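# Tertiary structure, described
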Amino acid sequence: MQDQFEVTLKPSRHKRRITQHVLITSDDANSTTTAISYNPKVLLIVIVALCAVIGGLIGVIYFEKQQIELGNSTISEREAEIASLNISNSNLNSEIDSLNNKIRVLSDTVNTKTENEAELAEALDAQWIPIDFPLTGSARLNSSTDAENPMLLLQTADGSTVVATAAGVVEDIAEDENYGNVVVVNHGNGYKSFYRNRGQVMVNKGDDVVSGTTLYIISSDNERLCYQISYNGEYIDPMEMLDING
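Residues numbered from 1 in each chain as written. Predicted model: local features only at pLDDT ≥ 70, side-chain atom pairs only at ≥ 80, totals over all residues. Heavy atoms only, no water.

## Looking at the packing of aromatic side chains
For any two aromatic rings, the description comes down to two numbers: the centre-to-centre distance and the angle of the planes. As a reminder, the rule being used: Between the rings of Phe, Tyr and Trp (Trp by its six-membered ring), a pair exists once the centres lie within 6.5 Å; its type follows the angle of the planes, with under 30 degrees stacked, over 60 edge-to-face, and the other angles tilted. What counts as a helix is a DSSP run of H or I of at least four residues, what counts as a strand is a run of E of at least two, and both are numbered from the N terminus. Remark: exposure states derive from per-residue accessible area (1.4 Å probe, protein chains only) relative to the maximum for the residue type, with buried under 20%, exposed over 50%, and partly exposed in between.
The tally for this structure, following the rule as stated, stands at three aromatic pairs. Summarising the aromatic geometry, the rings of Tyr-191 and Tyr-231 are spaced 4.5 Å apart at their centres and angled 45° between planes, so their arrangement reads as tilted. Taken together, the residues Tyr-191 in strand 8 (residues 191-197) and Tyr-231 in strand 11 (residues 224-231) connect sequence positions 40 residues apart. According to the relative accessible area criterion, Tyr-231 is partly exposed, its value standing at 35%. Arranged with centres 5.4 Å apart and planes meeting at 55°, the rings of Phe-194 and Tyr-235 form a pair that is tilted. Note that Phe-194 is positioned in strand 8 and Tyr-235 in strand 12 (residues 234-236), a separation of 41 residues in sequence. Here Tyr-235 falls in the partly exposed class, since its relative accessible area comes to 30%.

Below, the structure written as structure tokens:
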């Protein structure tokens, strides 16, 4: 009996390597031809890798460019804000200067008003201080040096008038044994003035008088006047008050 054998051929598992060549030639007659072999898959991988690297570089460059542009835009915005703030600050400084000028003007106005009010108050106060001369016209003047009862004795002429020496109120009208009548004017500030004369009294008790108000009219029978001033109840030398008036 003859043995039978069956032979089965299996395809080879080895893959074929595909290699491509690049020939480099020259027109020169003496030149040689150079063949460079390469694997297409490897070349493809290298190309893809290079593209990835180049793409990454381009992305990085683009990103950096965007960041630079964003930074420049931010700087421009900040510079614009700073310029706007500088303008606002300049405007505020101008407003402050204007307000300071107004304050100075108001302060000067207030100071002037205060000074005017003070001067007016002094002038008003002066109206109530008996410093004026008690007669119109000329007169011979004799002063009494009696420390307890100082007075001015005035000899005048017909046609003169006895007048109040400051503003006040006629406090009293009474008889005087030596001079006939006495008119007392209270000036409301501690001062009182006394006018003693034999003439007819031209005011009434309670009347308001000012400096120059006629109290008596001088005639041939009443040409002598006794004038006195008291301050807080004590007689003072009238000459001192007249000296203050100049």
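## So, the side chain of Arg-196
Cut-off, in case you're wondering: Two N or O atoms form a polar contact when they lie within 3.5 Å of each other; inside protein one atom must be a possible hydrogen donor and the other a possible acceptor, and for residues adjacent in sequence the pair counts only when both atoms belong to side chains. Note on contacts: a residue pair is in contact if any heavy atoms of the two residues lie within 4.5 Å.
When you line up the elements, Arg-196 lands in strand 8. The buried category is assigned to Arg-196, whose relative accessible area is 13%. Within the structure, the side chain of Arg-196 is placed 2.9 Å from the side chain of Gln-228, a separation counted as a polar contact. Setting aside residues up to four positions removed in sequence, Arg-196 forms contacts with Asp-176, Tyr-179, Asn-181, Val-182, Arg-224, Leu-225, Cys-226, Gln-228 and Tyr-235.

## Observations concerning unusual backbone geometry
Backbone geometry places Asn-232, a non-glycine residue, at a positive phi of 50°. Checked against the element boundaries, Asn-232 lands in the loop between strand 11 and strand 12.

## With respect to the pairing of strand 8
Keep this limit in mind: Two strands are said to pair when DSSP picks up at least two bridges between them.
The buried fraction of strand 8 amounts to six of the seven residues, a majority that puts the element mostly inside the structure. As consecutive antiparallel partners, strand 7 (residues 180-186) and strand 8 are separated by four residues, and within that stretch Gly-188 has a phi angle of approximately 75°, a positive value. For strand 8 and strand 11, the ladder comprises six bridges, and the chain directions are antiparallel. When the bridges of strand 11 are listed, Tyr-195 appears paired with Tyr-227.

## A closer look at a nonpolar patch on the surface
To keep it simple, the criterion reads: Patch membership requires over 30% relative accessible area and the absence of a salt bridge. Like charges are linked within 9 Å, and nonpolar side chains (Val, Leu, Ile, Met, Phe, Trp, Tyr) within 5 Å. Using the Shrake-Rupley algorithm and a 1.4 Å probe, accessible areas are obtained, with residue cover drawn only from the displayed protein chains. Salt bridge, as used here: a side-chain nitrogen of Lys or Arg that lies within 4 Å of a carboxyl oxygen of Asp or Glu.
Where nonpolar side chains cluster on the molecular surface, the patch consists of Val-42, Val-46, Leu-50, Ile-54 and Ile-58 and spans about 440 Å² of accessible area. Structurally, Leu-50 can be placed in helix 1 (residues 40-126).

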